[in-house]
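So the chains spell out like this:
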Amino acid sequence: MTLSGAAGQWRFMTLANEEIALSIGMNLDRLHQEVRQFQRALLVAAPFALLLIVAIGWVLGHVALRPVKVISATAAAVTADRLDRRIPATRADREFQQLIDLINDMLERLQRSFQQATRFSADAAHELKTPLAILQAHVERGLQRAADGSPEQRDWADQLEEVQRLRTILQK
């Protein structure tokens, strides 16, 4: 039971059995005062605690995502001319290290494939230059032998343009 009066607010409790009855009373003013002090302290400390939690979260997130930034920067630097770029080995977590190894292996395979394709293109271009030079000589000879303004001369001229276009493609 709670009673309020001039002496403040009191809470009473009675415990009894057949032989004895015990009544206890407590002044609640001190308890209410401590609760108000706790509320004020909580209102002051909560914003600081929240700022501290946000700052710690930001730092942890920044540290945790550092390998992702390294991977992104390296991937952005990879071009057809710079296929030799690799993601540097770091002290990253095992999962990130597996991803880094996987990407580096992929870049290695890509570089080898690109080099093979480049060599093949260079070899093919080299092998085609002689036959095209011979073909161009035959077409030019046919063009010289054709009568001026004849359909045959136009056909030879069209063929010569195509041969020259192919030679231009091979020179690139």
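Quantities reported herein were computed from a predicted structural model and do not represent experimental measurements. (Residues numbered from 1 in each chain as written. Predicted model: local features only at pLDDT ≥ 70, side-chain atom pairs only at ≥ 80, totals over all residues. Heavy atoms only, no water.)

Trainee: Sorry if this is basic, but what is going on with the pattern of salt bridges here?
Mentor: Opposite charge on two side chains permits pairing when their charged atoms draw close. Under the defined criterion, the tally for this structure stands at six salt bridges. In this structure, the salt-bridge partner of arginine 86 is glutamate 108, at a minimum N-O distance of 2.9 Å. Here the residue arginine 86 occupies a position in the loop between helix 2 (66-77) and helix 3 (94-145), and glutamate 108 occupies one in helix 3, the gap between them amounting to 22 residues. According to the relative accessible area criterion, arginine 86 is partly exposed, its value standing at 24%. Across the salt bridge formed by arginine 165 and glutamate 162, the nearest N and O atoms sit 3.1 Å from each other. Here arginine 165 and its partner glutamate 162 are both found in helix 4 (residues 151-171), three residues apart, which amounts to about one turn of the helix. Residue classification places glutamate 162 among the partly exposed residues on the basis of a relative accessible area of 42%. (Salt bridge = Lys/Arg side-chain N within 4 Å of Asp/Glu carboxyl O. Helix = DSSP H or I, 4+ residues; strand = E, 2+ residues; numbered from the N terminus. Buried < 20%, exposed > 50% of the residue type's maximum accessible area, 1.4 Å probe, protein only.)

Trainee: Explain a nonpolar patch on the surface here, please?
Mentor: Judged by side-chain polarity, Met13, Leu15, Leu22 and Ile24 come together as a nonpolar surface patch covering roughly 380 Å² of accessible area. Among the elements of the structure, strand 2 (8-16) and strand 3 (21-27) are those that each provide at least two residues to the nonpolar patch. Positionally, leucine 22 belongs in strand 3. (Patch = residues over 30% accessible without salt bridge, like charges linked within 9 Å, V, L, I, M, F, W, Y side chains within 5 Å. Areas by Shrake-Rupley, 256 points an atom, 1.4 Å probe, with all protein chains shown as cover.)

Trainee: How should the pairing of strand 1 (residues 2-5) be read in this particular structure?
Mentor: A regular strand places its side chains so that they alternate between the two faces of the sheet. Bridge count between strand 1 and strand 2: four bridges; the pairing is antiparallel. Note on strand 2: the bridge partner recorded for threonine 2 is arginine 11. (Pairing = 2+ DSSP bridges.)

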